[in-house]
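Residue strings, one per chain:
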Amino acid sequence: MTIKEILEKNPKIQLIKDFKIALKDIEPYVKNPNYLVKGREFTNFSLRPREAWANWLLCVVLRKLQGDHITFAEDPDGDGFVVVKTTGEAIPTEHVSALENPLNPLPKGENRVLHAINLKINKGMDYAKGKWLVVFFDGAGEFYRNKIRENIKGRHNFGAVYCIGLLTSDENGYSYSVTEFKDSSGDMSITFKVDINIDFTNWNISQVMA
């Protein structure tokens, strides 16, 4: 699917053009995490705040690795598209939340992430085909990414699986981890850390070594 085909069907779909402006727009939703858990809607963007925030975090890492031609777009019928502007490719994302919620207690460690992934794997191979899975979580505590990778290897049909988790939030800002779990033999999963300053005007990306 291409972004051109998507826009021909729905010309009103918005692409993110400026990641700094988008960061400021998302700031109040991140600083009040109830909005991320409960899914309060934006007034001018079809994604839930947690979907937009996870896609922003994912795309800034991809832009660091691949260049500024990576962005994302809303999707009134789904969880958003990651868009490669140089080729026009638009990859649909499928999101699943594993955020702390007193009404729905979740396990700790890698089991929190695996529980969320399995909810989507159980929907079947056809459901996953052509999509990237994005798991957005917090409160997991210590977890081992190699255990997640080995557990899901060969069990899904997603084009990629990304897990995005809150590491810290304090007076200095917010830090998130972004991990891609690769299925290829010999490929190690890589984690990046995204640090956002407290006034949401800038960010820094670094690789987390195993």
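Just so it is clear, the structure is predicted and the values come from calculations on it, not from any experiment.

Calculation rules
- Residues numbered from 1 in each chain as written.
- Predicted model: local features only at pLDDT ≥ 70, side-chain atom pairs only at ≥ 80, totals over all residues.
- Heavy atoms only, no water.
- Core = buried A, V, L, I, M, F, W, Y, C linked by side-chain atoms within 4.5 Å.
- Buried < 20%, exposed > 50% of the residue type's maximum accessible area, 1.4 Å probe, protein only.
- Helix = DSSP H or I, 4+ residues; strand = E, 2+ residues; numbered from the N terminus.
- Pairing = 2+ DSSP bridges.
- Right-handed = clockwise from strand over helix to strand, strands pointing away.
- Axes fitted to C-alpha atoms, helices over the stretch in contact; angles between N-to-C directions.
- Parallel < 35°, antiparallel > 145°, perpendicular 65-115°, else oblique.
- Left-handed = near helix turned anticlockwise from the far one by under 90°.
- Contact = heavy atoms within 4.5 Å.
- Nonpolar A, V, L, I, M, F, W, Y, C, P; charged D, E, K, R; others polar.
- Polar contact = N/O pair within 3.5 Å; in protein donor to acceptor, adjacent residues only side chain to side chain.

Some words on the nonpolar core
Logical step 1: Residues Trp53, Trp56 and Leu57 are the most contacted members of the largest nonpolar core, which totals 41 residues.
Logical step 2: Broken down by secondary-structure element, the contributors of at least two residues to this core are helix H2 (19-31), helix H4 (49-66), strand S1 (70-73), strand S2 (81-84), strand S4 (132-137), strand S5 (160-170), strand S6 (173-181) and strand S7 (190-197).
Logical step 3: Listed in part, the 19 residues of the second largest apolar core include Ala98, Val113, Leu133 and Val135.

Looking at the pairing of S5
Logical step 1: Sheet analysis places S4 next to S5, joined by six bridges and oriented parallel. Residue pairing for S5: valine 134 is matched across the bridge by tyrosine 162.
Logical step 2: The parallel pair S4 and S5 is bridged by helix H7 (residues 145-152), and the resulting crossover is right-handed.
Logical step 3: The pairing of S5 with S6 spans nine bridges and is classified as antiparallel.

Quick word on the packing of helix H5 (residues 110-121) against H7
Logical step 1: The N-to-C vectors of H5 and H7 enclose an angle of 25°; their axes lie 10 Å apart at closest approach. With respect to H7, the element H5 is oriented roughly parallel. The hand of the H5/H7 crossing is right-handed. Of the residues in H7, those in contact with Glu110, Val113, Leu114, Ile117 and Ile121 of H5 are Lys147, Ile148, Asn151 and Ile152.
Logical step 2: Split into classes, the residues belonging to the contact of H5 with H7 amount to six nonpolar, one polar and two charged.

As for the side chain of histidine 95
Logical step 1: Along the chain, histidine 95 turns up in strand S3 (residues 89-98).
Logical step 2: Judged by its relative accessible area of 10%, histidine 95 is buried.
Logical step 3: Polar contacts involving the side chain of histidine 95 include one to the side chain of asparagine 55, which spans 2.9 Å.
Logical step 4: Ignoring sequence-local partners within four residues, the contact set of histidine 95 consists of Glu51, Ala54, Asn55, Asp79, Lys120 and Val134.

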